[in-house]
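Summary of structural features
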Amino acid sequence: MDAVERADSGHAGTAMALAPVAYVLWQRHLRYNPANPDWFGRDRFVLSAGHACMLLYAALYLTGYDLSLDDIKQFRQWGSRTPGHSEHGLTPGVEATTGPLGQGVGNAVGMALAEAHLAQLFNRPGHSVVDHCTYFLASDGDLMEGVSHEAGSFAGHLKLGRLIGIYDDNRITIDGKTDLTFSDDTAKRFESYGWHVERVADGNDLGALDAALATARRVADRPSLVIVRTHIAYGSPHKQDTPEAHGAPLGQEEVKLTKQRLGWPSLEPFYVPDEALAHWRLARERGARLEAEWSKQYEAYRQAFPELAAELERRLAGRLADGWDDGLPTFAPLPADAQATRAASGKVLNALAPRLPELVGGSADLATSTNLAFKNGGDVAAGSWGARNIHFGVREHGMGAILNGLALHGGVRPVGSTFLIFSDYMRPPIRLAALSHLPVIYVFSHDSIGLGEDGPTHQPIEQLAALRAIPNLVVLRPADATETVEAWRMAILSRNGPVALVLTRQKVPVIDRAKYAPANGLRLGGYVLADAPRGKPTIILLASGSEVTLALGAHERLAAEGIAARVVSLPSMELFARQPQEYRDSVLPPAVPARLAVEAAAPQPWYRWVGDHGAVLGIERFGASAPYQRIYEELGLTVETVVRRAKELLRA
């Protein structure tokens, strides 16, 4: 109450209602060590109801994490470690960045899957070094959001028995009571998914909470949901069970009355009784003991299975195996080697797979189209969690949230795939991966009107621009098979955020690297692929992906007419923008204002690179249903059009 009051902003009511749940969970069930928030043997706790983050901050402070009362007094302030929704990597003990409702449910499912996967790979009889539970706490809003349905169905299908959810059934949302919009039988819904369900009729009944959580932990053959009936802003004389308690401070007078009603020993803001703090801080001793016991078990495991232990430690540290990129495929500039970049991607993935066993993932029911399938990797299923191919089903939104959970857990490198157009379904978790600096890899195929006959509902136009607008997301759209090899190399090396590989459905020629620049220029985001005589162009043609071939064709025709053109392949605007100005000027000389960008997509991102005197040949309408060659012709994406527009620019 005090933190929200001081900030004059926040959500006190839910945190107040859930205080008993937090007490029982942190005191009696969660395995953690406040002195080492990253101890691998800990249980994971995800606050999916991120608006109630003051509950989490309070528990972290009371149990002795590196979070002070002064930090809590700075709730929702600039530069504080207690932002308005909890952020992973900022506050010790926060396992996932949450806020958009439902995302944390998916994150927890991913963490539980990672635990099951690693346990099956690394545990041995008598040596269960991977043996922890994942808890999440969800609100009414979390369970209304569709992503929770997708993730819950997926978890039940896989029978992830070490996943335990707590549902705060307070029956209040911002607009009013939940019966305005929500009449689901949540218990039956989760039972239909294959979950075990426990019910606690009174959220203040510590014994009932304790028993329900203990029962859930004993259920090993399916995930569990504990439904807890609570009262938002419990104890507030005038705000309890009201929508006003959801997203606003209670008010100074109401805070005073609530403290008096609850019998709190002081009206002083942020008062914590010494005996209460001492009781909570016993968690430090308990946590140190739990970690020491686990470390002893792990040392015995290391002695018994040194190779397994070394591999697990490598994975958890995020270190790449020696020679991880040896033996990547090569592609010849022959008609027979012309192929879709999605096909080349599948070959690269399976060359990497034996050397990087931490790579796991799959598709939203499109593995045969995206070519994201590990040969001989096995299919993840109930009881077969150690396999590598994850069949997410037609659940793009859930897949995105689960991928984030896999990455947050550690020990695996998650990859997920679908058509580029369906990246719209998973934009919220992509954004959270970028915000949280998670090394998730996305493989998006069918990247343009080049997919052809499926028509405008499946042909992405604005999706590239939308993805490029997300800070800290690297978008890679390789021009051919050789750039696809380098794109995968770059994706694997990228550890500070997500990477999206954007790939063609249609075949594209393999660029002759004996004639043109090597494909490893991709690591710089953009590079000079074909240059003018003596490196002095009068016009620069920029392109990405399949349109690079158009730019090269135009380059040759312009050269035949005595026009000096340079072709720049720009597979990643984000990587190119990170390069020193000197390098960028060497690729795009300021003295050459005539620049023409070519891409079968919305043109907005290109204006930064073509400048005030350049032009963009893109698409500002939806596509059409026809063979892709005809669509390119009708929309003016041809060599002839590029040549004509280049000449117009030069005349201007």
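Notes on the structure follow. These numbers were taken from a predicted model, which means no experiment stands behind them.

About the cut-offs
Residues numbered from 1 in each chain as written. Predicted model: local features only at pLDDT ≥ 70, side-chain atom pairs only at ≥ 80, totals over all residues. Heavy atoms only, no water. Salt bridge = Lys/Arg side-chain N within 4 Å of Asp/Glu carboxyl O. Helix = DSSP H or I, 4+ residues; strand = E, 2+ residues; numbered from the N terminus. Buried < 20%, exposed > 50% of the residue type's maximum accessible area, 1.4 Å probe, protein only. 1 Å grid on protein atoms, 1.4 Å probe; cavity = no way out; pocket = protein on both sides within 12 Å on 5 of 7 lines; lining within 4 Å. Points joined across faces, edges and corners; volume = space filled by probe spheres on them. Nonpolar A, V, L, I, M, F, W, Y, C, P; charged D, E, K, R; others polar. Expected span 1.5 Å × (residues − 1). Contact = heavy atoms within 4.5 Å. Axes fitted to C-alpha atoms, helices over the stretch in contact; angles between N-to-C directions. Parallel < 35°, antiparallel > 145°, perpendicular 65-115°, else oblique. Left-handed = near helix turned anticlockwise from the far one by under 90°. Pairing = 2+ DSSP bridges. Phe/Tyr/Trp six-rings, centres within 6.5 Å; stacked < 30°, edge-to-face > 60°. Polar contact = N/O pair within 3.5 Å; in protein donor to acceptor, adjacent residues only side chain to side chain.

1. Focus: the pattern of salt bridges
- Under the defined criterion, the tally for this structure stands at 32 salt bridges.
- Here Arg 468 and Glu 599 are joined by a salt bridge, their closest N and O atoms 2.8 Å apart. A residue pair is termed long-range when its members are at least 10 positions apart, and Arg 468 in helix 17 (residues 463-468) and Glu 599 in the loop between strand 17 (595-598) and helix 22 (607-610) qualify at 131 residues.
- Owing to a relative accessible area of 12%, Arg 468 belongs among the buried residues under this scheme.
- Close ionic contact of Glu 556 with Lys 515 constitutes a salt bridge, the shortest N to O distance being 3.2 Å. Here Lys 515 lies in the loop between strand 13 (499-502) and strand 14 (527-530) and Glu 556 lies in helix 19 (residues 547-560), a separation of 41 residues in the sequence.
- Judged by its relative accessible area of 41%, Glu 556 falls in the partly exposed class.
- Accessibility expressed as a relative area gives 53% for Lys 515, which makes it exposed.
- A single salt-bridge network, built from bridges that share partners, covers Asp 447, Arg 468, Arg 477, Glu 547 and Glu 599.

2. Observations concerning the layout of surface pockets
- Approximately 1,200 Å³ is the volume attributed to the largest pocket.
- Forming the walls of the largest pocket are 32 residues, and the residues nearest its centre are Met 1, Ala 19, Ala 58, Leu 62 and Trp 264.
- Contributions of two or more residues to the lining of the largest pocket are made by helix 1 (2-7), helix 2 (12-29), helix 3 (53-63), helix 4 (69-73), helix 10 (252-262) and helix 11 (274-304).
- Of all the elements, helix 2 adds the most residues to the lining of the largest pocket, at 7 residues.
- For the lining of the largest pocket, a count of residues per class yields 28 nonpolar, 2 polar and 2 charged.
- Estimates place the volume of the second largest pocket at around 670 Å³.

3. Thoughts on empty space enclosed by the protein
- Tallied over the entire structure, the rule returns 5 cavities of 30 Å³ or more.
- For the largest cavity, the calculated volume is near 110 Å³.
- Taken together, 13 residues make up the lining of the largest cavity; nearest its centre are Asp 43, Phe 45, Tyr 65, Gly 93 and Glu 95.
- At the level of elements, strand 1 (44-47) and helix 3 are the ones that each hand at least two residues to the lining of the largest cavity.
- Within the lining of the largest cavity, the residues separate by chemical class into 8 nonpolar, 1 polar and 4 charged.

4. Thoughts on helix 24 (residues 639-651)
- For helix 24, which comprises 13 residues, the first-to-last C-alpha distance of 19 Å matches the rise-based estimate of 18 Å (1.5 Å per residue) to within 8%.
- Taken residue by residue, helix 24 has Val 639, Thr 641, Val 642, Val 643, Ala 646 and Leu 649 as its buried positions.
- Turning to helix 24, the residues buried within the fold contact strand 15 (539-543), helix 19, strand 17 and strand 18 (615-617).

5. What about the packing of helix 2 against helix 3?
- At their nearest, the axes of helix 2 and helix 3 sit 10 Å apart, and the two run at 40 degrees to each other. Taken together, helix 2 and helix 3 sit at an angle that is classed as oblique. The way helix 2 lies across helix 3 gives a crossing that is right-handed. For the pair helix 2 and helix 3, contact is made by Ala 15, Leu 18, Ala 19, Ala 22 and Trp 26 and by Met 54, Leu 55, Leu 56, Ala 59 and Thr 63, respectively.
- Partitioning the contact of helix 2 with helix 3 into residue classes produces 9 nonpolar, 1 polar and no charged.

6. Looking at the pairing of strand 1
- Along strand 1, one buried face is formed by Arg 44 and Val 46 and the opposite face, lined by Phe 45 and Leu 47, is buried too.
- Bridge count for strand 1 against strand 2 (residues 134-138) is 4 bridges, and the pairing is parallel. By the bridge assignment, Leu 47 is partnered in strand 2 with Leu 137.

7. As for the sheet that holds strand 15
- Across the sheet, which stays open at both edges, the 5 strands sit in the order 14-16-15-17-18 with mixed pairing between neighbours. Pairing within the sheet leaves two strands with one partner each, and these edge strands are strand 14 and strand 18. Taking each pair of neighbouring strands and ignoring which way they run, the sheet shows an average axis angle of 30 degrees.
- Inspection of the sheet shows strand 15 paired to strand 17 by 4 bridges, in the parallel sense. For Leu 541, the partnering residue across the bridge sits in strand 17 and is Leu 596.

8. Points about the packing of aromatic side chains
- For the coordinates displayed, the defined rule picks out 19 aromatic pairs.
- Where Phe 136 meets Trp 195, the ring centres are 6.2 Å apart and the plane angle is 75 degrees; that geometry is what we call edge-to-face. Of this pair, Phe 136 sits in strand 2 while Trp 195 sits in the loop between helix 8 (186-193) and strand 6 (196-200), and the two are 59 residues apart along the sequence.
- When its relative accessible area of 0% is taken as the criterion, Phe 136 is described as buried.

9. What about the pairing of strand 3 (residues 163-169)?
- In terms of burial, strand 3 is a largely internal element, 7 of the 7 residues being buried.
- Of the two faces of strand 3, the one lined by Leu 163, Gly 165, Tyr 167 and Asp 169 and the one lined by Ile 164, Ile 166 and Asp 168 are each fully buried.
- The sheet contact formed by strand 3 and strand 7 (residues 224-229) spans 6 bridges and is parallel. Residue pairing for strand 7: Asp 168 is matched across the bridge by Val 228.

10. With respect to the sheet that holds strand 7
- With parallel pairing, the 5 strands of this open sheet are ordered in space as 1-2-3-7-6. Single-partner strands in this sheet number two, and they are strand 1 and strand 6. Averaged over all pairs of adjacent strands, the angle between strand axes in this sheet comes to 15 degrees, irrespective of strand direction.

11. Some words on the side chain of Arg 42
- With respect to the secondary-structure elements, Arg 42 resides in the loop between helix 2 and strand 1.
- Of note is the side chain of Arg 42, whose polar atom sits 3.3 Å from the backbone oxygen of Asp 38.
- A distance of 2.7 Å separates a polar side-chain atom of Arg 42 from the backbone oxygen of Trp 39.
- Dropping the residues within four chain positions of it, Arg 42 is found in contact with Arg 31, Tyr 32, Pro 37, Glu 95 and His 132.

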